[in-house]
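The chain contents come next:
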Amino acid sequence: MNKQPDKSPNTVWHRATVTRQRREQKNAHKSAVLWFTGLSGSGKSTLAHAVEEDLHQYGLNTFVLDGDNVRHGLCSDLGFSDKDRKENIRRISETAKLLLEAGVITLTAFISPFKTERAIARSLMPDGDFIEIHCFCPLPVCEQRDVKGLYKKARLGEIKEFTGISSPYEEPENPDLRIDTNLLTLEESVQQVISLLRARNILPAKE
Ligand SMILES: Nc1ncnc2c1ncn2[C@@H]1O[C@H](COP(=O)(O)OS(=O)(=O)O)[C@@H](OP(=O)(O)O)[C@H]1O
Ligand SMILES: Nc1ncnc2c1ncn2[C@@H]1O[C@H](COP(=O)(O)OP(=O)(O)O)[C@@H](O)[C@H]1O
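For clarity, every value in this text was computed on a predicted model and none was experimentally measured. (Residues numbered from 1 in each chain as written. Chains lettered and ligands numbered in written order. Predicted model: local features only at pLDDT ≥ 70, side-chain atom pairs only at ≥ 80, totals over all residues. Heavy atoms only, no water.)

## Observations concerning the site of ligand 2
(1) Moving on: Taken together, 15 residues lie around ligand 2, and Gly41, Lys44, Ser45, Thr46 and Ser189 are the ones closest in.
(2) Moving on: Between ligand 2 and the protein, one listed contact pairs an oxygen atom with a side-chain N or O atom of Thr46 at 2.4 Å.
(3) Moving on: Contact between ligand 2 and Thr185: a nitrogen atom at 3.3 Å from a main-chain N or O atom of the residue.
(4) Moving on: In isolation ligand 2 exposes 570 Å². Once the protein is present, 78% of that is buried.
(5) Moving on: The set of elements that each furnish at least two residues to the shell around ligand 2 consists of α2 (44-57) and α8 (186-199).
(6) Moving on: It is α2 that contributes the most residues to the shell around ligand 2, three residues altogether.
(7) Moving on: A class-by-class count of the residues in the shell around ligand 2 yields four nonpolar, nine polar and two charged. (Near = heavy atom within 4 Å. Polar contact = N/O pair within 3.5 Å; in protein donor to acceptor, adjacent residues only side chain to side chain. Areas by Shrake-Rupley, 256 points an atom, 1.4 Å probe, with all protein chains shown as cover. Helix = DSSP H or I, 4+ residues; strand = E, 2+ residues; numbered from the N terminus. Nonpolar A, V, L, I, M, F, W, Y, C, P; charged D, E, K, R; others polar.)

Dropping the structure here:
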């Protein structure tokens, strides 16, 4: 897999005594990574924040890592070349892994256009802890939504390497969940995610 060269071979992993398991016991829920992927405008941010709102109201510990926000800080040195997007997703994957250890339910909202990088992210987490959610929406509908006016700019050639227009998006073949945000309302979409979390015992089953 696409592992970075180890530039600090003389460091030793320090094992925490406050383990993920102890944090999960204290929180009374499991941690997990909900990885939302999809085109710009497909609904990743809207859905991730709406699901977080529900989980927060259930009393769970949550955090959203959102593409636009992370690119203002942790990844502010990165652009949108294939190489930079891969590094972007590598950093997010490692951050999500840390939050998994911290006992948090993390919701990531990044285009994450490449299969390989999404597979690497999955491979970093124990089986079942990485839940890939494909926000599916046809490109013409995303373009019509044009939430931020970026598609218009991309069509005018003012933004280079724009996903779906001049940069690829590789659709997940076998996501844990595929949500057609063109056909479902936001509330229906949230319910699909909540149902999956119940089925996976991350949320307790309804009495
Ligand atoms: N060239 C290009 N292509 C795609 N998107 C662009 C681009 N330039 C800026 N933006 C804005 O950046 C947001 C996507 O950032 P991500 O970190 O999610 O992208 S990636 O996963 O590294 O591909 C994306 O946010 P979302 O619309 O929420 O997906 C855009 O607002
Ligand atoms: N079922 C749905 N889930 C999420 N967003 C939806 C849905 N139906 C319509 N939308 C709309 O689609 C747009 C998605 O924008 P946004 O969440 O910023 O997408 P992304 O984060 O993928 O770029 C919002 O205007 C949102 O209101």
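## Focus on the state of the cysteines
(1) Moving on: As enumerated under the stated definition, the model contains zero disulfides in all.
(2) Moving on: Free cysteine: Cys142, not disulfide-bonded; nearest cysteine sulfur from Cys137 at 3.8 Å.
(3) Moving on: Given the relative accessible area of 0%, Cys142 is considered buried. (Disulfide = S-S within 2.5 Å. Buried < 20%, exposed > 50% of the residue type's maximum accessible area, 1.4 Å probe, protein only.)

## Considerations on α8
Structural remark: α-helix, 3.6 residues per turn; residues separated by three or four positions point the same way.
(1) Moving on: Between the first and last C-alpha of α8 there are 20 Å, a value that for 14 residues agrees with the 20 Å anticipated at 1.5 Å per step.
(2) Moving on: Those residues of α8 that fall on the buried side of the exposure criterion are Ser189, Val190, Val193, Ile194, Leu196, Leu197 and Arg198.
(3) Moving on: Buried positions along α8 lie against β1 (32-37), α2, β4 (130-136) and β5 (177-180).
(4) Moving on: Asn201 sits one or two positions beyond α8 and adopts a positive phi of about 60°. (Expected span 1.5 Å × (residues − 1). Contact = heavy atoms within 4.5 Å.)

## Points about the site of ligand 1
(1) Moving on: For ligand 1, the set of nearby residues contains 20 residues, the closest of which are Ser40, Arg71, Arg85, Asn88 and Ser112.
(2) Moving on: For ligand 1, an oxygen atom lies 2.8 Å from a polar atom in the side chain of Arg85.
(3) Moving on: Asn88 has a polar side-chain atom sitting 2.8 Å from an oxygen atom of ligand 1.
(4) Moving on: Considered on its own, ligand 1 offers 630 Å² of accessible surface; in the complex 93% of this is hidden by protein.
(5) Moving on: With three residues, helix α4 (residues 82-101) is the largest single contributor of residues to the shell around ligand 1.
(6) Moving on: In terms of residue class, the shell around ligand 1 is made up of eight nonpolar, five polar and seven charged.

## Examining the sheet that holds β1
(1) Moving on: The five strands are arranged β2-β3-β1-β4-β5 in an open sheet whose pairing can be described as parallel. Unpaired on one side and paired on the other, β2 (62-66) and β5 mark the two borders of the sheet. Shown here is a sheet whose adjacent strand axes are inclined to one another by a mean of 20°, direction ignored.
(2) Moving on: With five bridges connecting them, β1 and β4 associate as parallel partners. In the sheet register, Thr37 faces β4, and the bridge partner there is His134.
(3) Moving on: Where α2 meets the sheet, its contacts fall on β1, β2, β3 (105-109), β4 and β5, and the angle it forms with β2 comes to roughly 170°.
(4) Moving on: Packed onto the sheet, α8 meets β1, β4 and β5 and runs at close to 170° relative to β5. (Pairing = 2+ DSSP bridges. Axes fitted to C-alpha atoms, helices over the stretch in contact; angles between N-to-C directions.)

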